[in-house]
Amino acid sequence: MTDEDAIKYNCFDTLCPMHVQIDADGQIVHVGPTLAKLRVLDWEGKLFSEVFRIDRPKGVETVQQLEGMAGRKLHIRFNDAPHTRFKGICAKGAFHTIINLSFGIDLLDAVQTYKLTNAEFAGTDLAIEMLYLIEANAAAQTEGSKLTKTLRNARIEAEKQANSDALTGLYNRRAMNSVLEGLILEGKSFACMHLDLDYFKAVNDTHGHAAGDYILTNVAEILRSEVRRGDSVARVGGDEFVLLFPDLIEEEILDKIASRIISKLEVPVRYDGQICKISGSAGTSLSIHYDNPNADEILSDADIALYASKNSGRGRHMFFSDQLLKAS
């Protein structure tokens, strides 16, 4: 290489670090330093068509055809993987044909794939500014996503707290009312079971409120274990609970559920070395018994059935009926 050639190539390398020069036979005589970094191969002497493929315009295969595209945008890619895509423009020099390449919209992928830095682009190339903008936008989106996630989680937690009983984690009365109204609006058949603990006051008076809280959390676990996915369990008072069973109105099945719950509640619980004993009474109303179901009426009738159970000896379950209403 003559000094003149060296100066010429250095100029091209500085101004166009991703250019390729080919001779009249289509052989590569020189490539810019950044382009050379993309492939480990002996560039000089290889045919342009061995390394690159011109996707558009179609049918450009010879140097003469390529020169005929001078000044027009070319879509070029590597023949072998990774098939990095380029945008290019061709010019006919005094001795060689010169194709200058850029990554276009694939800039980010190329920089990541080949680990390029700003030093490998021409000083006037806007590629790095674009890259900075892309990175800044990605960072902003990441931070935005984090903030959105934080706000969403905070909203979910706030809604959970607003609808949950702090001690047991069950629904509270507000949430229960919402579920009940929803079942009525949807026209679903359902059962509403009202459960009240028997002898719970004695536990509080004898063993203290900490023991009472322990009993309540144990009751919550028992109720969770006896309901299906889609059923709702709420603590609506100190020792009162409401269970809602969508699409379950068979009295035999509901009676078995209530009996299992009461049997589990009657198992003595040890707390701080002391034995705590409770039981439970329950009453159930069925939505199918109402021409126009009303939440207050359904809850009131389940309450009437509950107290009928208590009055008949506690530790029992009864269904609401017109006879109970007359008796009350």
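About the cut-offs
Residues numbered from 1 in each chain as written. Predicted model: local features only at pLDDT ≥ 70, side-chain atom pairs only at ≥ 80, totals over all residues. Heavy atoms only, no water. Helix = DSSP H or I, 4+ residues; strand = E, 2+ residues; numbered from the N terminus. Buried < 20%, exposed > 50% of the residue type's maximum accessible area, 1.4 Å probe, protein only. Contact = heavy atoms within 4.5 Å. Expected span 1.5 Å × (residues − 1). Polar contact = N/O pair within 3.5 Å; in protein donor to acceptor, adjacent residues only side chain to side chain. Pairing = 2+ DSSP bridges. Axes fitted to C-alpha atoms, helices over the stretch in contact; angles between N-to-C directions.

(A) Highlighting the overall build of the protein chain. Across its full length, the protein chain carries 12 helices and 13 strands. Taking all 328 residues of the protein chain together, the buried fraction comes to 41%. When contacts within the protein chain are restricted to residue pairs at least 6 apart in sequence, those whose partners lie at least 24 apart make up 55%.

(B) Representation of helix H11 (residues 295-311) in the model. In this model H11 runs 24 Å from its N-terminal to its C-terminal C-alpha over 17 residues, within 8% of the 24 Å that 1.5 Å per residue would give. All of the buried residues along H11 are Ala-295, Ile-298, Leu-299, Asp-301, Ala-302, Ile-304, Ala-305, Leu-306, Ala-308, Ser-309 and Lys-310. The residue sitting at the N-terminus of H11 and contributing the capping side-chain oxygen is Asn-294; that oxygen lies 3.0 Å from the backbone nitrogen of Asp-296. A positive backbone phi angle near 130° is found at Gly-313, which sits one or two residues after H11.

(C) Inspection of the sheet that holds strand S3 (residues 52-56) at higher detail. Strand order across the open sheet formed by six strands is S2-S1-S6-S5-S4-S3, with antiparallel pairing between neighbours. One side of each edge strand has no neighbouring strand; the edge strands of this open sheet are strand S2 (28-31) and S3. The average undirected angle you get between the axes of adjacent strands in this sheet is 35°. Summarising the sheet, S3 and strand S4 (residues 73-78) pair through four bridges and their orientation is antiparallel. Bridge pairing links Arg-56 to His-75 in S4.

Bear in mind that shape data such as this cannot, by itself, settle questions of function.
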